[in-house]
Amino acid sequence: APAARAAEDLALECAAVPFATTLPIAEASGSVVTPIDGAPALLVVADSGHRGDYLIVDPQTGAVRERGALPLGGPGDDLEGLAVRGDRFWALTSSGWLRAWVRRASPTPHFELVLGPVPIGARYRTAADPAAMTCEATRVNCGRNFEGLCLSSRPVAAVASAGEPTPCVGMAVSKAQGRLYCITERGDQLLIDAQRWLQVADEDVLSDCNIDGDTLWLGSNLFELNRVRRVEKWSTPERAVVTELGALGVGSAEAIAVAGEVLFRLSDTQTSPSLVAKFRCGPVGK
């Protein structure tokens, strides 16, 4: 289990700031703040039944710049986690399948599928298999029931000495187990290390994660009152430190996106539009 400390030790407070209250997309399940076409953007994707629907949103105002559908290249559209690493936009389905896209400028700006769907780990053979991470692509909320994906934009740090574990490049959120699983990088593929994980919460409450700088932000759903946690030293799960920040969300909050002091939470209530809220988090009294 990770070490923990109280929110008072971190001395942060978060306050809602003006923003759009809804976005015209059903079941917002993954989001990330990143430059797209040369401008800051909030990218949002929908989950199962919506065939890769996405929005590109102005992170200042909430105005929609673009809407479309991500090419899927195969069955299974329950896109639950969304993250960026290098020039690739990654999404993970609840059943454990990964896809990667790059943004192309011509003939018109669009997302091109460059990898996937590929399994993020070993396929299920028996329900009791501790190494199993991926079930059938067409299934929804099966196995580990992945609900979030977060990746660091930074290169993996060099291993300090022989015998030290390789740092994780990101984490996958298992809603079924309340865990964060370490993601490693092998060439152009991401894989889960089934033996390295953090037990963070009870089952069925975790929703999404986002890495900003050295900090991982972890959100939960309405069953845990939309709680948010910060995880430091996440790249080495054995040394991770978790900070509880309390309730911070809207509706049944699922997606979380962070950029500096700004935090977004989006709600998945199985309909369109999806609720959204924007917060600014900073030192107490700032």
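Residues numbered from 1 in each chain as written. Predicted model: local features only at pLDDT ≥ 70, side-chain atom pairs only at ≥ 80, totals over all residues. Heavy atoms only, no water.

S.K.: Could you give an account of the overall build of the chain, with specific residues and numbers?
M.R.: Scanning the chain from terminus to terminus reveals one helix and 24 strands. The C-alpha radius of gyration computed for the chain amounts to 18 Å, which stays within 12% of the reference 19 Å derived for 286 residues, consistent with globular compactness. The dimensions of the chain, computed from C-alpha atoms along their principal axes, are 50 × 50 × 35 Å. In the chain, which comprises 286 residues, the proportion classed as buried is 54%. Of the contacts formed within the chain by residues at least 6 apart in sequence, a portion of 53% connects residues at least 24 apart. Carbon and sulfur atoms make up 51% of the accessible area of the chain, which totals about 12,200 Å². (Helix = DSSP H or I, 4+ residues; strand = E, 2+ residues; numbered from the N terminus. Rg over C-alpha atoms; globule rule 2.2 N^0.38 Å. Buried < 20%, exposed > 50% of the residue type's maximum accessible area, 1.4 Å probe, protein only. Contact = heavy atoms within 4.5 Å. Areas by Shrake-Rupley, 256 points an atom, 1.4 Å probe, with all protein chains shown as cover.)

S.K.: Which residues make up the layout of surface pockets, and what are the values?
M.R.: Each pocket or cavity is described by its volume, and for the largest pocket that value is around 310 Å³. Surrounding the largest pocket, 18 residues form its lining, Glu147, Lys175, Glu254, Asp268 and Gln270 being those nearest its centre. Looking at the lining of the largest pocket residue by residue, the classes come out as four nonpolar, six polar and eight charged. (1 Å grid on protein atoms, 1.4 Å probe; cavity = no way out; pocket = protein on both sides within 12 Å on 5 of 7 lines; lining within 4 Å. Points joined across faces, edges and corners; volume = space filled by probe spheres on them. Nonpolar A, V, L, I, M, F, W, Y, C, P; charged D, E, K, R; others polar.)

S.K.: How would you summarise the state of the cysteines if you had to cite specific residues and measurements?
M.R.: Counted according to the given criterion, the structure contains four disulfides. Shown here is the disulfide that connects Cys150 with Cys209, its sulfur atoms set 2.2 Å apart. Here Cys150 and Cys209 share a disulfide; its torsion about the S-S bond, -100°, makes the bridge left-handed. Taken together, the positions of Cys150 in strand E14 (residues 146-151) and Cys209 in strand E18 (residues 206-212) put the pair 59 residues apart, joining distant regions of the chain. One exposure class covers both Cys150 and Cys209, and it is buried. (Disulfide = S-S within 2.5 Å.)

S.K.: Any chance you could break down unusual backbone geometry for me, citing the residues and the numbers?
M.R.: When glycine is set aside, most residues are seen to have a negative phi, and most peptide bonds are trans. Cis rather than trans, the peptide bond between Ser106 and Pro107 has omega equal to 5°. Take Pro107: it is sitting in the loop between strand E10 (97-104) and strand E11 (110-119). The amide bond that connects Gly116 to the next residue, Pro117, takes the cis arrangement and shows omega of 5°. Considering the arrangement of structural elements, one finds Pro117 in strand E11.

S.K.: Explain the pairing of strand E5 (residues 39-46) residue by residue, including any values.
M.R.: Of all eight residues in E5, six are buried; the element is thus mostly enclosed. What sits between the antiparallel neighbours strand E4 (residues 28-36) and E5 is a turn of two residues, in which Asp37 has the positive phi angle 55°. Note that E5 and strand E6 (residues 53-57) share four bridges and pair antiparallel. Directly across from Leu43, in E6, lies its bridge partner Ile56. (Pairing = 2+ DSSP bridges.)

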